[in-house]
Amino acid sequence: MVFKQTDAGAIPEDWEVRTIGESLQFISGKAHEQYVSRSGEFVVVNSKFISTDGAVRKHCTVNLTPAREGDVLMVMSDLPNGRALAKCFLVEESNKYAVNQRVCIFRSKSHDPRYLKYILNRNTYFMAFDDGVQQTHLLNETIRKCPIALPSRNEQRAIADALTSVNDVISTLERLIAKKRSIKQSMMQQLLTGKTRLPGFTAPWTETKLRDVLSFQVGFPFKSEFFNDTPVGVRLVRNRDLKSNGSPIYYSGNFMDSYLVSSGDVLVGMDGDFTPCLWQSGRALLNQRIGRIRPIKCVPEFMLFALQQPLIDLEASTGATTVKHLSHKDVESLVLHLPTIDEQNAIAQALMAADNEINRLQIRFRKAQYMKTGMVQELLTGRTRLPIGEVPA
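Quick caveat, the model's predicted, so the values are computed rather than measured. Counting restarts for each chain, with residues numbered from 1 along the sequence as it is written. Owing to the predicted nature of the model, reporting of local features is limited to residues with pLDDT of at least 70; listing and counting of side-chain atom pairs is limited to 80 or more, with chain, interface and lining totals taken over all residues. As a rule here, side-chain values come from all non-hydrogen atoms in the structure, and water together with hydrogens is ignored.

Participant: Would you explain the sheet that holds strand β17 (residues 234-237) in this entry?
Facilitator: Paired through backbone hydrogen bonds, the strands of a sheet run either parallel or antiparallel to each other. Strands are labelled as partners when DSSP assigns at least two bridges between them. Numbering goes from the N terminus for both helices and strands, where a helix is a DSSP run of H or I of at least four residues and a strand is a run of E of at least two. If you walk across this open sheet you meet the five strands as β16-β18-β17-β22-β19, and the pairing is mixed. The two strands at the open ends of the sheet, each matched to only one other strand, are β16 (227-228) and β19 (260-261). Sheet topology note: the β16/strand β18 (residues 250-251) ladder contains two bridges and is antiparallel. Bridge pairing links F227 to Y251 in β18.

Here it is as structure tokens:
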């Protein structure tokens, strides 16, 4: 395959490069704020609408800049490092959307609108104007000068079909994950309160102070002079590690084995977010301001779920202007109605099975996102070519 170097980068020899001003009709949006109304029949397309893929919207009674089916709408202004700048939205219905100021319309009868959305969305040409310091405003003339790579209409359609297909997979998985999370939340509300009992369990639940069935171990203030970001020593569990898989920190000094944690331990951050989690990253050290729930007469996996709402309530009871801190006394003083150990085990297994199903779907979702990223890089540059057919009359 022969490539040529252009203002839009290296592209196949049979593709052309034209600026937006040369190839598309460009229309700036107008201010609709004075016409905003809950009873309005038109959807106001602003940066918030586009950045949330239409989830956040308001309506207006007058449409000064109507969008047509097939139009591509783009955000022209955003905060430094914002997520909205140059993000695009494809219009699928005429006479519905009112394009607001700082949003523009791209209109064309010659090009596949879906391809235009993919090639223009967060285009590197536009993103280069974001210096990360000041708010970015893309000027009309700047936008018109943006070069875009344009294969034939047939190939545009083939590329758009492929990217739309993987987008559909991503959207389906996203909806399925949301549905499974809702089902799990309902299961928790029923099973953790005893409103619904699993088959075979009829014994009454007992009101229990948690200090009688568990202890709460607080982490140790390990010296930062022994911290390093290379895998030398033992990994430290910090508050941030409970919610993400960011860059780990290791401790190369001496320590007591009593502060070692392993996969399956129930841990909770003691500052800010008190939501407990199941540690799944292997052997590590319990750092300060991290607590471990240690079972005496309870099932730790059950407590992982049973403590979530009480700890959310405890967090909410802390003043909004106060730094939120959790102590071991806070946990051990909580009172819960607890089932027998056998029923705790059964409930924990049911909820963990629901969690595992959600995790499997999330893995598929991330793989689909990676696939889309790779396809965008390959297809929109022509490094990978697709078989093309005739455009229907």
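Once the structure has been displayed, the description carries forward.
Participant: Explanation requested: the packing of helix α3 (residues 113-120) against helix α6 (residues 153-191) in the structure shown.
Facilitator: Describing two packed helices takes the angle between their axes plus the distance from one axis to the other. The interhelical angle for the contact between α3 and α6, taken along N-to-C directions, is 70°, at an axis separation of 8 Å. With respect to α6, the element α3 is oriented roughly perpendicular. For the pair α3 and α6, contact is made by R114, Y115 and Y118 and by Q156, R157, I159, A160, D161, L163, T164 and N167, respectively. Each residue receives one of three labels: charged for Asp, Glu, Lys and Arg, nonpolar for Ala, Val, Leu, Ile, Met, Phe, Trp, Tyr, Cys and Pro, and polar for the others, Gly being one of them. Residues of the contact of α3 with α6, tallied by class, amount to five nonpolar, three polar and three charged. Convention adopted: a line fitted to C-alpha atoms gives each axis, helices being fitted over their contacting stretch, and angles between N-to-C directions are expressed from 0 to 180 degrees. Throughout, the term roughly parallel applies to angles under 35 degrees, roughly antiparallel to angles over 145, roughly perpendicular to angles from 65 to 115, and oblique to all others. What makes two residues a contact is simply this: any of their non-hydrogen atoms within 4.5 Å.

Participant: Whenever I open this one, the pattern of salt bridges confuses me. Can you help?
Facilitator: Opposite charge on two side chains permits them to pair, given that their charged atoms come into close proximity. By definition, a salt bridge exists where a carboxyl oxygen of Asp or Glu is found within 4 Å of a side-chain nitrogen of Lys or Arg. Evaluation of the coordinates by the stated rule reveals 16 salt bridges. Residue R107 is joined to D71 by a salt bridge in which the shortest nitrogen-to-oxygen separation is 2.7 Å. One end of the pair, R107, is in strand β11 (residues 103-107); the other, D71, is in the loop between β6 (58-60) and β7 (72-75), with 36 residues separating them in the sequence. The two residues R107 and D71 agree in class, both being buried. Between D355 and K184 there is a salt bridge, with the nearest N and O atoms lying 2.8 Å from each other. The buried label applies to any residue whose accessible area, calculated with a 1.4 Å probe on protein chains only, is under 20% of its type's maximum; exposed applies above 50%, and partly exposed to all values in between.

Participant: Please clarify how α3 should be interpreted in this entry.
Facilitator: Three or more residues of α3 are buried, namely Y115, L116, Y118, I119 and L120. Polar contacts here mean pairs of N or O atoms no more than 3.5 Å apart (in protein, one a potential hydrogen donor and the other a potential acceptor; neighbouring residues in sequence count only if both atoms are side-chain atoms). If you check the start of α3, you find a side-chain oxygen 2.8 Å away from the backbone N of R114, and it comes from D112. Just downstream of α3, R122 is the residue with a positive phi angle, here 55°.

Participant: What is the right way to read the nonpolar core from this model?
Facilitator: I20, M74, F106, L120, F126 and I143 are the most contacted members of the largest nonpolar core, which totals 33 residues. Mapped by element, the contributors of at least two residues to this core are β7, β9 (88-90), β11, α3, β13 (147-150), α6 and α10 (341-379). Take this core: its biggest share by element is five residues, from α3. The residues contacting L120, other than those within four sequence positions of it, are I20, L24, A86, C88, F106, F126 and I148. Definition used in this section: a nonpolar core is a set of buried Ala, Val, Leu, Ile, Met, Phe, Trp, Tyr and Cys residues joined via side-chain atoms within 4.5 Å. Membership of the second largest hydrophobic core comes to 31 residues, among which are V213, L214, A306 and L307.

Participant: Just checking my understanding: could you explain helix α8 (residues 308-316) for this structure?
Facilitator: For the α-helix, the turn length of 3.6 residues means that residues three or four positions removed from each other point alike. Of all the residues in α8, the buried ones are Q308, P310, L311 and E315. Burial along α8 is one-sided: seen end-on, the buried residues are contained in an arc of 165°. In this structure, the buried side of α8 is in contact with α6, β20 (266-269), α7 (300-306), α9 (328-332) and β24 (335-338). Think of the arc as the fan of directions from the helix axis to the C-beta atoms.

Participant: Would you take a moment to explain the environment of A84 for this structure?
Facilitator: In this fold, A84 is placed in the loop between β8 (77-78) and β9. According to the relative accessible area criterion, A84 is buried, its value standing at 5%. In the structure, A84 is positioned 175 residues away from Y259 in sequence and 44 Å away in space, judged by C-alpha atoms. When neighbours within four sequence positions are excluded, A84 is seen to be in contact with S47, S51, V75, D78 and R122.

Participant: Quick question: what am I supposed to make of the pairing of strand β5 (residues 42-45) here?
Facilitator: Strand residues, when the strand is regular, have side chains that alternate between the two faces of the sheet. Burial of β5 is two-sided: the residues F42 and V44 facing one way and the residues V43 and V45 facing the other way are all buried. Pairing geometry for β5 and β6, over three bridges, is antiparallel. In the sheet register, V43 faces β6, and the bridge partner there is H59.

Participant: Quick question: what am I supposed to make of the pairing of β11 here?
Facilitator: Across the five residues that make up β11, a large majority, five, are buried. Taking every second residue as pointing to the same face, both faces of β11 are buried, with V103, I105 and R107 on one and C104 and F106 on the other. Relative to β11, β7 runs antiparallel, the two sharing four bridges. Following the sheet pairing, V72 is matched in β11 by F106.

Participant: For this particular structure, what's the right way to read the packing of aromatic side chains?
Facilitator: Aromatic rings considered in pairs are described by the distance between their centres and by the relative angle of their planes. The rule is short: rings of Phe, Tyr and Trp, with Trp giving its six-membered ring, pair when the centres are within 6.5 Å, and they are stacked under 30 degrees, edge-to-face over 60, tilted in between. This structure, assessed with the given rule, holds twelve aromatic pairs. Here F89 and Y97 contribute two aromatic rings whose centre-to-centre distance is 5.4 Å and whose plane-to-plane angle is 75°, an arrangement assigned as edge-to-face. Taking relative accessible area as the criterion, Y97 reaches 7% and is therefore assigned buried. Ring plane angle 75° and centroid distance 5.8 Å describe the contact between F226 and Y251, whose orientation is recorded as edge-to-face.

The analysis is restricted to geometry; functional conclusions fall outside its scope.
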